[in-house]
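# Descriptive structure summary
The residues making up each chain are set out below.
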Amino acid sequence: ANRSQALLDEYFTLVRGCGEWGLRIRVHGEALEEPAPSGSGLAWLQHRRDAARRRQERRRDRLETALALLATHLDDLLRARSERPLSAREDDAELLLNLALLVPFAAEDALEGALQALDQAMAPHGLSLRVSGPWAPYSFRPRLGEVAL
């Protein structure tokens, strides 16, 4: 019980004066599947492997770019950020990152401008933002059920 109380105290200290914002970073302008060559056999299999490797490399590069741009444009405004699960696709784009941002209420005005600048910085990389919030800070709650009582 004492451990649970300590986790709750930490949570309420962290989220006091903050709202949660959702930030989804999406990849645009790229087909998810490359056309396979005609024929079959080893050449077809090698093409599929190479295409999968190229997709993974592009995803890793875009993820590194997105994280660097996030750090530059947003991290100074945030009290915390947390990754949330991804879904495969949304609308016409692949979801690259799904984040929960813990933003002090006093920083919400600055957040709007920072998000616009971030979206503009990401556009040349084929990335765009979808923002929602503010919400209650559920993504930052402690997992009390996972604590041995």
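Above this note sits the structure.
What this report covers is the structure whose coordinates are included nearby. Every value quoted in this text rests on a predicted model; they were computed, and no experiment measured them.

## With respect to the pattern of salt bridges
Counting across every chain of the model gives 5 salt bridges. With a shortest N-O distance of 3.1 Å, R84 and E20 are connected by a salt bridge. Placement of the pair is R84 in the loop between β2 (80-83) and β3 (89-90) and E20 in strand β1 (residues 18-27), with a sequence separation of 64 residues. Between R81 and D75 there is a salt bridge whose closest N-O contact spans 3.4 Å. Take R81: its relative accessible area is 33%, and that puts it in the partly exposed class. Within this structure, D50, R53 and E57 form a network of salt bridges that share partners.

## Brief notes about the packing of helix α2 (residues 42-73) against helix α3 (residues 108-122)
The geometry of α2 relative to α3 is characterised by a closest axis approach of 10 Å and an angle of 150° between their N-to-C directions. Of the possible angle classes, the one that applies to α2 and α3 is roughly antiparallel. The two elements α2 and α3 cross, and the hand of that crossing is right-handed. Every residue of α3 that contacts α2 at A66, L69, L70 and H73 is listed here: A114, A117, L118, A121 and M122. When its residues are assigned to classes, the contact of α2 with α3 shows 8 nonpolar, 1 polar and no charged.

The rules behind these values
- Residues numbered from 1 in each chain as written.
- Predicted model: local features only at pLDDT ≥ 70, side-chain atom pairs only at ≥ 80, totals over all residues.
- Heavy atoms only, no water.
- Salt bridge = Lys/Arg side-chain N within 4 Å of Asp/Glu carboxyl O.
- Helix = DSSP H or I, 4+ residues; strand = E, 2+ residues; numbered from the N terminus.
- Buried < 20%, exposed > 50% of the residue type's maximum accessible area, 1.4 Å probe, protein only.
- Axes fitted to C-alpha atoms, helices over the stretch in contact; angles between N-to-C directions.
- Parallel < 35°, antiparallel > 145°, perpendicular 65-115°, else oblique.
- Left-handed = near helix turned anticlockwise from the far one by under 90°.
- Contact = heavy atoms within 4.5 Å.
- Nonpolar A, V, L, I, M, F, W, Y, C, P; charged D, E, K, R; others polar.

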